Amino acid sequence: MIAGNSTDTRPNGPTLYPNERPKSNWDLQLRALLPNTKYFVFLTEPQYLPDQMNRIIEKATLSDSAELSELTYKSKAHWGYSEEQMEKWRDDLQVLAEYIENNEVFITRESDQIAGYYSFSKVSDSTIKLDNIFIDPEHIGKGFGLTLMRSFLNRVKKLEIATITLDSEPNAEQFYQRFGFKIVGQLKSSIPNRFLPIMELNLNH
């Protein structure tokens with residue numbers, strides 16, 4: 001659902017709250033992170049949110065490359081793509097040590113294993129690109145995505161960036177819309193008739 005001027009009242013669906021009417025501690029934190037964004041879409045019943053506030057986010061090391069690559073592959077496969085298609089993407093889904101060394105990559109762990117990560121790169125002095133945000137399928141639905149996005153937005157805020165851009169997995173489009181990202185274009189993918197939403201979040205409006 002795209003942030004706008006109406007409220008989705010479907011049972012157990014997302015609810016749209018105006019910025020001036022925070023409903024929970026999570027709402028208040030995002031409002032502080034993105035004070036210029038008028039509307040957000042939040043989960044109706046975020047039972048797991050209090051626990052996920054205390055998860056540790058740490059910078060990835062070069063030795064995390066193999067584990068991050070495997071996690072990325074498994075997370076992408078979670079969306080139901082065929083084995084044949086996944087093999088075509090295997091090289092593109094590698095998180096190489098060189099990438100970790102030259103970009104910002106941050107991870108969170110569960111039981112000493114990487115449960116999820118995000119990474120971003122600088123496009124210009126005023127724009128960064130969220131390259132990746134992936135969660136191990138075993139931990140999807142447990143609040144890790146929100147934990148990572150919260151960490152990412154906190155980090156970006158300190159960089160005084162004006163715009164965040166990303167190429168979204170089509171199945172994750174609504175996740176980004178919860179944080180105020182809007183579709184500004186589309187990118188043709190290697191699968192016929194499949195397009196990746198190009199999304200942006202303007203931090204100055």
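Definitions and cut-offs
- Residue numbers restart at each chain and count upward from 1, following the sequence in its written direction.
- Local features in a predicted model are, by the rule used here, given only for residues with pLDDT of at least 70; side-chain atom pairs are given and counted only at 80 or more, and totals for whole chains, interfaces and linings are based on all residues.
- Water and hydrogen atoms play no part in the side-chain values, which are based on all heavy atoms of the structure.
- Each helix is a run of H or I in the DSSP string that is no shorter than four residues. Each strand is a run of E no shorter than two, and both are numbered from the N terminus.
- Burial classes: relative accessible area under 20% of the type maximum marks a residue as buried, over 50% as exposed, and values in between as partly exposed (1.4 Å probe, protein chains only).
- Residue contacts are defined here by distance: any two heavy atoms, one from each residue, within 4.5 Å place the two residues in contact.
- Any two strands with at least two DSSP bridges between them are considered paired.
- Lines fitted to the C-alpha atoms define the axes, with helices restricted to the stretch that makes contact. Angles between their N-to-C directions range from 0 to 180 degrees.
- In predicted models, pLDDT denotes the confidence assigned by the predictor to each residue on a 0 to 100 scale.
- Whenever two N or O atoms come within 3.5 Å, that pair is a polar contact, provided that in protein one can donate a hydrogen and the other can accept it, and provided that, for residues adjacent in sequence, both atoms are side-chain atoms.

Peer 1: Where do I start with the overall build of the protein in this structure?
Peer 2: For the protein, the helix and strand inventory stands at seven helices and nine strands. The buried share of the protein, reckoned over its 205 residues, is 46%. Partitioning the intrachain contacts of the protein with sequence separation of at least 6 by distance along the chain shows that 61% fall at a separation of at least 24.

Peer 1: Would you mind going over the sheet that holds strand 7 (residues 163–167) with me for this structure?
Peer 2: Neighbouring strands of a sheet are bound in pairs by backbone hydrogen bonds; such pairs are parallel or else antiparallel. Ordered in space as 3-4-5-6-7-9-8, the seven strands form an open sheet in which the pairing is mixed. Of all the strands in the sheet, the pair left with one neighbour each is strand 3 (57–59) and strand 8 (182–188). Taken pair by pair, the neighbouring strands of this sheet meet at an average axis angle of 25 degrees, ignoring direction. Direction of pairing for strand 6 (residues 127–135) relative to strand 7: parallel, over a ladder of three bridges. Bridge pairing in strand 7 places Ile128 opposite Ile164.

Peer 1: Mind showing me how you'd approach the confidence of the model for the protein here?
Peer 2: Parts of the model with low pLDDT should not have their predicted coordinates read in detail. Within the protein, residue pLDDT values average 79, and 73% of them lie at 70 or more. Across the protein, the element-wise mean pLDDT spans from 38 in strand 1 (residues 15–18) up to 97 in helix 5 (residues 97–102). In this model residues 1–26 is a low-confidence stretch, pLDDT under 50, and it forms 58 contacts with partners more than four residues away in sequence or in other chains. Ignoring residues within four places in sequence, the model shows residues 38–51, a span with pLDDT below 50, making 47 contacts including any to other chains.

Peer 1: Help me out: how do you make sense of unusual backbone geometry in this one?
Peer 2: Only a minority of non-glycine residues have a phi that is not negative, and only a minority of peptide bonds are not trans. A positive phi is found at Ser111, a non-glycine position, where the angle reads about 55 degrees. Residue Ser111 is classed as exposed on the basis of its relative accessible area, which comes to 65%. At Asp112, a position not held by glycine, the phi torsion is positive, near 65 degrees. With respect to the helices and strands, the residue Asp112 is situated in the loop between strand 4 (104–110) and strand 5 (113–122).

Peer 1: Help me understand the side chain of Ser69, please; the structure alone is not making it clear to me.
Peer 2: Here Ser69 shows up in helix 3 (residues 65–77). Within polar-contact distance, the side chain of Ser69 engages the backbone nitrogen of Val95 at 2.8 Å. Apart from the residues within four sequence positions on either side, Ser69 is in contact with Leu93, Gln94 and Val95.

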